[in-house]
Amino acid sequence: MVVMPSTVFYLLLVCRTEQASALSPPWPLPSLRSLWSPQDFALVLAWLAFQALLYWLPIGKVRLLLAQLASASVFLICFYAMLVTALVLGAGLAGGLRLSYIYDHILQLAFAATVLAFGLSVLLYFKALLAPETALAPSGNSGNPVYDFFMGHELNPRLGLFDLKFFCELRPGLLGWALINMAMLVKETELRGSPSLAMILVNAFQFLYVVDALWHEEAVLTTMDIVQDGFGFMLAYGDLAWVPFLYSLQSCFLVTHPQKLSLPLAGGIVLLNALGYSIFRGANSQKNTFRRNPADPRVAGLRTIPTATGRRLLVSGWWGFVRHPNYLGDLIMAFAWSLPCGFTHILPYFYILYFTLLLAHRDARDEHQCRRKYGLAWQEYCRRVPYRIVPYLY
């Protein structure tokens, strides 16, 4: 709870220095008074309120959540929320909205998001004390109040029919990430007359990732975050501050450290991102299609292993290549997002370094859960698919 906010502010500060060296502290550090801005706090709060309003709009596809979520009906309209947000943003820009304000006040906005994340976490902790035992998360009830505050007591807390975790999982953070990237592009344009090819590539790659997540919103219902992890500080801060303000680090870096890309190098980076996205999307689509309908012609011919639970494990196609091909695609894309920033600084590569550790840790948790759930069938799967993420390496 100390390291996460400290990392966000430290890297944002370093990113704006001339050296951009993670080993050179950006002295003097700003005071808390300089970070607090009522106007920026109001802006972040308005952003959350606007996205919450769009969450309630009865448009888009309606689905039922998992049994663990008490089968509550929700509106899956992330993609539509993005379109409405884009229209409102476009109208604001036409009316003179200065989007580069986000770059100029990035520290104050990040501080406001941090305050709101802490406030939400306190609300979640005390709300969970009144929740029935059936609504609690397996991992957030250790009896240690600090650990449980971090992990989250309650699995899927709600205020009425408003599912707090489901709302925060995609909407404010991912759309905020895309918005901050766009603000960096606008700022670079103000400084140099036009956006660089490097900035355009970073914006395009990461916007594709955001659009993909919003379009396939239903897939989040089966993720570990929703099904197993409680909603506490870890996810609240991750959704509201870590994702938008750290995942946009490459575009922030390019504002103060412009890079020139040759067309052949840019073409190679585009192909690398396309490869990563193809693996990521192909693997996830194959898994989701098989879960919905194993008889679907697109997956009916794939080899499987029966389990004691009555389900079957895919052992061919993408899931016969490595155990987590979606993670492999994620890592390839992360590398492609960093390459437009050049090779003179390690800072823009923070995302892939962090993401590698995150996915390795998540892989270990997945292995533990699957071994417990599928038993001998999982052992057979591991024998037939020996590599976890990277073929012949890991």
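Rules of the game
Residues numbered from 1 in each chain as written. Predicted model: local features only at pLDDT ≥ 70, side-chain atom pairs only at ≥ 80, totals over all residues. Heavy atoms only, no water. Patch = residues over 30% accessible without salt bridge, like charges linked within 9 Å, V, L, I, M, F, W, Y side chains within 5 Å. Areas by Shrake-Rupley, 256 points an atom, 1.4 Å probe, with all protein chains shown as cover. Salt bridge = Lys/Arg side-chain N within 4 Å of Asp/Glu carboxyl O. Helix = DSSP H or I, 4+ residues; strand = E, 2+ residues; numbered from the N terminus. Buried < 20%, exposed > 50% of the residue type's maximum accessible area, 1.4 Å probe, protein only. Expected span 1.5 Å × (residues − 1). Arc of directions from axis to C-beta. Domains from an automatic or database assignment. Contact = heavy atoms within 4.5 Å. Buried area = accessible area lost by both parts, 1.4 Å probe. Nonpolar A, V, L, I, M, F, W, Y, C, P; charged D, E, K, R; others polar. Phe/Tyr/Trp six-rings, centres within 6.5 Å; stacked < 30°, edge-to-face > 60°. Lys NZ or Arg CZ within 6 Å of the ring centre and 35° of its normal. UniProt positions renumbered as here; feature names shortened; annotations may be inferred. Axes fitted to C-alpha atoms, helices over the stretch in contact; angles between N-to-C directions. Parallel < 35°, antiparallel > 145°, perpendicular 65-115°, else oblique. Left-handed = near helix turned anticlockwise from the far one by under 90°. Core = buried A, V, L, I, M, F, W, Y, C linked by side-chain atoms within 4.5 Å. Polar contact = N/O pair within 3.5 Å; in protein donor to acceptor, adjacent residues only side chain to side chain. Disulfide = S-S within 2.5 Å.

*Asks:* It is not clear to me how a nonpolar patch on the surface should be interpreted in this structure. Could you clarify?
*Replies:* Together, Val122, Phe126, Leu129 and Leu130 line one region of the surface with nonpolar side chains, adding up to about 440 Å² of accessible area. In this structure, Leu130 sits in the loop between α6 (106-128) and α7 (145-151). Residue Leu130 is classed as exposed on the basis of its relative accessible area, which comes to 76%.

*Asks:* Would you take a moment to explain helix α3 (residues 38-56) for this structure?
*Replies:* Think of an α-helix as 3.6 residues a turn; residues three or four steps apart then line up on the same face. Taking 1.5 Å per residue, 19 residues should reach 27 Å; α3 reaches 27 Å between its end C-alpha atoms and fits that length. For α3, every residue scored as buried is listed here: Asp40, Phe41, Val44, Trp47, Leu48, Gln51, Ala52, Leu54 and Tyr55. An end-on view of α3 places all buried positions within 165° of arc, on one side of the element. Of the exposed residues in α3, the ones pointing more than 90 degrees away from its buried face are Pro38, Gln39 and Leu53.

*Asks:* It is not clear to me how the domain arrangement of the chain should be interpreted in this structure. Could you clarify?
*Replies:* Size of an interface: often given as the accessible area lost when the parts come together. Here the chain is described as being made up of domain 1 (32-260) and domain 2 (263-393). The interface is formed by 26 residues belonging to domain 1 together with 30 residues belonging to domain 2. For the pairing of domain 1 and domain 2, the buried interface totals around 2,500 Å² over both sides, and the portion due to carbon and sulfur atoms is 65%. Applying the counting rule to domain 1 against domain 2 returns 2 salt bridges. Its salt-bridge partner being Asp229, residue Arg365 comes within 2.5 Å of it at the nearest N-O pair. Elements represented by at least two residues in the side of domain 1 that touches domain 2 include exactly α9 (197-215), α10 (224-227), α11 (233-246) and α12 (249-256). Within the side of domain 1 that touches domain 2, the residues separate by chemical class into 16 nonpolar, 7 polar and 3 charged.

*Asks:* Would you mind going over the packing of aromatic side chains with me for this structure?
*Replies:* For any pair of aromatic rings, the description rests on two quantities: the centre-to-centre distance and the angle between the ring planes. Per the stated rule, a full pass over the model turns up 32 aromatic pairs. Ring pairing ties together the aromatic residues Trp177, Tyr209, Trp242, Tyr247, Phe280, Trp337, Phe350, Tyr351, Tyr354 and Phe355, which thus form one cluster. A cation over a ring is seen here: Arg16 above Tyr103, with NZ or CZ 4.4 Å from the ring centre.

*Asks:* Would you take a moment to explain the environment of Leu124 for this structure?
*Replies:* Here Leu124 is to be found in helix α6. With 20 residues separating them along the chain, Leu124 and Asp104 place their C-alpha atoms 32 Å apart. Apart from residues lying up to four places away in sequence, Leu124 is in contact with Pro157, Leu164, Phe231 and Gly232.

*Asks:* Just checking my understanding: could you explain the UniProt feature "transmembrane region" (unreviewed entry) in the chain for this structure?
*Replies:* Per the UniProt entry, the sites bearing "transmembrane region" (unreviewed entry) are residues 41-57, 69-94, 106-126, 191-211, 231-249, 261-280 and 331-359 in this numbering. Annotation note: span residues 231-249, helix share 79%, strand share 0%, distance between end C-alpha atoms 25 Å. As a span, residues 261-280 carries 90% helix and 0% strand, and end to end its C-alpha atoms are 26 Å apart.

*Asks:* Would you mind showing me how to read the packing of α9 against α12 here?
*Replies:* Close contact between α9 and α12 brings their axes to 10 Å; oriented N to C, the two are set at 170°. As the angle between them shows, α9 and α12 are arranged roughly antiparallel. As α9 packs across α12, the resulting crossing turns out to be left-handed. The segment α9 lies against α12, with Ala198, Met199, Val202, Asn203 and Gln206 engaging Gln250, Ser251, Leu254 and Val255. Residues that form the contact of α9 with α12 fall into these classes: 5 nonpolar, 4 polar and no charged.

*Asks:* I'm lost on the nonpolar core in this one. Help?
*Replies:* Soluble globular proteins tend to bury their nonpolar side chains together. Ranked by size, the top nonpolar core spans 101 residues in total, and within it Leu12 and Phe245 carry the most contacts. Of the domains in this structure, domain 1 (32-260) and domain 2 (263-393) are the two that each give at least three residues to this core. With residues up to four places along the chain from it excluded, the contact list for Phe245 reads Val8, Leu12, Ile106, Leu109, Ala110, Ala113, Ile180 and Leu240. Leu314, Val315, Tyr374 and Tyr381 belong to the second-largest nonpolar core, a separate cluster that totals 16 residues.

*Asks:* What should I look at first to understand the side chain of Ser37 in this one?
*Replies:* Inspection of the secondary structure puts Ser37 in the loop between α2 (32-35) and α3. Overall, Ser37 belongs to the buried group, its relative accessible area being 15%. A distance of 3.1 Å separates polar atoms of two side chains, one belonging to Ser37 and the other to Asp40.

*Asks:* Could you clarify how one ought to interpret the environment of Leu161 in this entry?
*Replies:* Checked against the element boundaries, Leu161 lands in the loop between β3 (158-159) and β4 (162-163). When the C-alpha atoms of Leu161 and Trp56 are compared, they prove to be 9.7 Å apart, with 105 residues separating the residues in sequence. Non-local contacts of Leu161, meaning those with residues more than four positions away in its chain, are made with Tyr55 and Trp56.

*Asks:* Please explain the environment of Pro244 as it appears in this structure.
*Replies:* Mapped onto the fold, Pro244 is located in helix α11. Linking Pro244 and Trp337, residues 93 residues apart in sequence, is a C-alpha distance of 15 Å. Each residue touching Pro244, except ones within four places of it in the same chain, is listed here: Gly173, Gly176, Trp177, Ile180, Gly238 and Asp239.

*Asks:* Looking at this structure, how should I read unusual backbone geometry?
*Replies:* Of note, the amide linkage connecting Trp27 to Pro28 takes the cis form, showing an omega dihedral of -10°. For Pro28, the location among the structural elements is in the loop between α1 (3-15) and α2. Even without glycine at this site, Ala20 takes up a positive phi of about 50°. You can see Ala20 is positioned in the loop between α1 and α2.

*Asks:* Is there a simple way to think about the state of the cysteines in this case?
*Replies:* Any covalent bond linking the sulfur atoms of two cysteines counts as a disulfide. One pass over the structure, following the stated rule, counts 0 disulfides. Of all cysteine sulfurs, the one in Cys15 lies closest to Cys341, which takes part in no disulfide; the gap is 8.4 Å. Overall, Cys341 belongs to the buried group, its relative accessible area being 0%. Unpaired in terms of disulfides, Cys370 finds its nearest cysteine sulfur in Cys382, a separation of 8.3 Å. A residue is classified by how much of its surface remains accessible, and Cys370, at 19% relative accessible area, is buried.

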